[in-house]
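A look at the structure
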Amino acid sequence: RQHSDGGAEHEDPQDEEAAIHRENLKTLSETNPEEIKEWQQQLLQQFGSETCEFLRRRGQSKMKKDTPKQTPSAEVDTTEATR
């Protein structure tokens, strides 16, 4: 939406987070497992296993707290060593 002065209206942060989540789920549903595995490896190499594990746990915690219904989520495999 736009204000009368031509500037974009700021979204509610929760609405923006929900929109990003929907977009992420759509992208994951349209992506083959091999490509997801490649993305996971890129994340592991870029951020390291500790950070990826922290983010995975945080995401799982948020899903339990914020979403009473079950929503599929992709998990990053942090068991493999970075190369």
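Predicted model only: the values in this text are computed from it and were never measured. (Residues numbered from 1 in each chain as written. Predicted model: local features only at pLDDT ≥ 70, side-chain atom pairs only at ≥ 80, totals over all residues. Heavy atoms only, no water.)

Another point: the overall build of the protein chain. Check the secondary structure of the protein chain and you find three helices and zero strands. Ordering the α and β elements of the protein chain from the N terminus gives α-α-α. Looking at the 83 residues of the protein chain, the share that counts as buried comes to 14%. (Helix = DSSP H or I, 4+ residues; strand = E, 2+ residues; numbered from the N terminus. Buried < 20%, exposed > 50% of the residue type's maximum accessible area, 1.4 Å probe, protein only.)

Now for helix α2 (residues 33-47). Compared with the 21 Å implied by 1.5 Å per residue over 15 residues, the 21 Å span of α2 between its first and last C-alpha is a close match. Every buried residue of α2 is accounted for by Ile36, Gln40, Gln41 and Leu44. Take α2 and look down its axis: the buried residues cluster within an arc of 140 degrees, on one side only. Exposed residues on α2 whose side chains face more than 90 degrees from its buried face are Glu34, Glu38 and Gln46. (Expected span 1.5 Å × (residues − 1). Arc of directions from axis to C-beta.)

Within this structure, the stated rule accounts for four salt bridges. As a salt-bridge pair, Lys26 and Glu30 come within 3.2 Å of each other at their nearest N and O atoms. Residue classification places Glu30 among the exposed residues on the basis of a relative accessible area of 57%. Between Glu53 and Arg57 there is a salt bridge, and its shortest N-O distance comes to 3.6 Å. Of this pair, Glu53 and Arg57 both sit in helix α3 (residues 49-66), four residues apart, roughly one helical turn. Exposure remark for Glu53: the relative accessible area of 19% places this residue in the buried category. Three or more residues joined by partner-sharing salt bridges are found here, namely Glu53, Arg56 and Arg57. (Salt bridge = Lys/Arg side-chain N within 4 Å of Asp/Glu carboxyl O.)

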